[in-house]
Amino acid sequence: MWWIFSLRRGLDFGNRPVADIAARSKVELFTSKAQVVCVMSSARATDQRLIRRILRVNHAGEHGAVSIYSAQLLHLGSRHADLKAWLAETLGHERAHRSAFRDAMPKRAAKPCRALGVWSVGGWVLGCLTALLGRTGVLACTAAVERTVHGHLQEQIAYLRRRDGDLAALVERIQTEELSHLVYAETNLGPSGPSPLLQGAVGAATEILIAISTRGDSIRLRRTLREHR
Ligand SMILES: [Fe+2]
Ligand SMILES: [Fe+2]
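Thresholds applied
- Residues numbered from 1 in each chain as written.
- Chains lettered and ligands numbered in written order.
- Predicted model: local features only at pLDDT ≥ 70, side-chain atom pairs only at ≥ 80, totals over all residues.
- Helix = DSSP H or I, 4+ residues; strand = E, 2+ residues; numbered from the N terminus.
- Buried ≥ 20, exposed ≤ 12 C-beta atoms within 10 Å, placed from the backbone.
- Contact = placed C-beta atoms within 7 Å.
- Arc of directions from axis to C-beta.
- Axes fitted to C-alpha atoms, helices over the stretch in contact; angles between N-to-C directions.
- Parallel < 35°, antiparallel > 145°, perpendicular 65-115°, else oblique.
- Nonpolar A, V, L, I, M, F, W, Y, C, P; charged D, E, K, R; others polar.
- Expected span 1.5 Å × (residues − 1).

Visitor: So what exactly am I meant to see when it comes to the overall build of the chain here?
Guide: Looking only at helices and strands, one finds 8 helices and 2 strands in the chain. Beginning at the N terminus, the succession of helices and strands in the chain can be written as α-β-β-α-α-α-α-α-α-α. Within the chain, the proportion of its 229 residues that are buried is 31%. Restricting to contacts in the chain with at least 6 residues of sequence separation, those with at least 24 account for 76%.

Pasting the structure below:
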């Protein structure tokens, strides 16, 4: 209590006047609070930027999936009726995913990727080529695409859970459907599956398409999300 009394009287406190110490403490407290606020708001800005990039990459990826499945549905031979029925259902899922990511953009000030045309053309070419290879080509493509998408979404969910619960829930819901596409493709490919060459080529084409359509942002985004875990 004596120091409160001293403070009121303006008495010396050690080598410095009490009022001076109190004033300096207030300034230091204010400065450190301001620093904390600055750090917090800069962290929030970084999070918001990353969330916008996640939405842009995901929307572009879903746009590509729509192109791939549309081309496969059109060019796959009529003797694969069961696979065509599944492709039609899956195309419906991918369209719904694309809309869901697009709808989530305005609230977060995100905009679609400007290179969506790359995905339209690239996805269509990939879909046509794999449809020409028949059942194995289509399923190998689905497995490669869905495996890639599943990996991207898994990292995003871990990041989003503590930052944007609504978007994390949306990505989780979509990931469940992507996983069902992957399981269908792997189950129907059978234990031997496609040749490693075909699998590797389709997987690489998918990654390249995602990277080109997002101007390399998909690769940088994965790296950043791992750093922010
Ligand atoms: Fe999807
Ligand atoms: Fe999918």
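Visitor: Whenever I open this one, helix 8 (residues 217-227) confuses me. Can you help?
Guide: Each α-helix winds once per 3.6 residues, and so residues spaced three or four apart point in a common direction. Among the residues making up helix 8, those that are buried are Ser218, Leu221 and Leu225. Mapping the buried residues of helix 8 onto a view down its axis gives an arc of 55°, with all of them on the same face. With respect to the buried face of helix 8, the exposed residues turned more than 90 degrees away are Arg223, Arg226 and Glu227.

Visitor: Can you walk me through the packing of helix 4 (residues 116-132) against helix 5 (residues 135-160) in this structure?
Guide: Orientation of helix 4 relative to helix 5, taken along the N-to-C sense of each, is 140°, at an axis distance of 6 Å. As judged from the angle between their axes, helix 4 and helix 5 are oblique. Facing Leu126, Thr130, Ala131 and Leu132 of helix 4, the residues of helix 5 in contact are Gly137, Val138, Ala140 and Cys141. Classifying every residue of the contact of helix 4 with helix 5 gives 6 nonpolar, 2 polar and no charged.

Visitor: Explanation requested: helix 4 in the structure shown.
Guide: If you check helix 4, its first and last C-alpha atoms are 24 Å apart, about what 17 residues at 1.5 Å a residue would give, namely 24 Å. Regarding helix 4, the residues found buried are Trp119, Gly122, Gly123, Leu126, Gly127, Thr130 and Ala131. Buried positions in helix 4, seen along its axis, are confined to an arc of 160° and lie on one side of it. When the buried face of helix 4 is taken as reference, the exposed residues oriented beyond 90 degrees from it are Gly117 and Val121. Once helix 4 ends, the next one or two residues include Gly134, with phi positive near 85°.

Function cannot be inferred from these measures alone, as they are strictly geometric.
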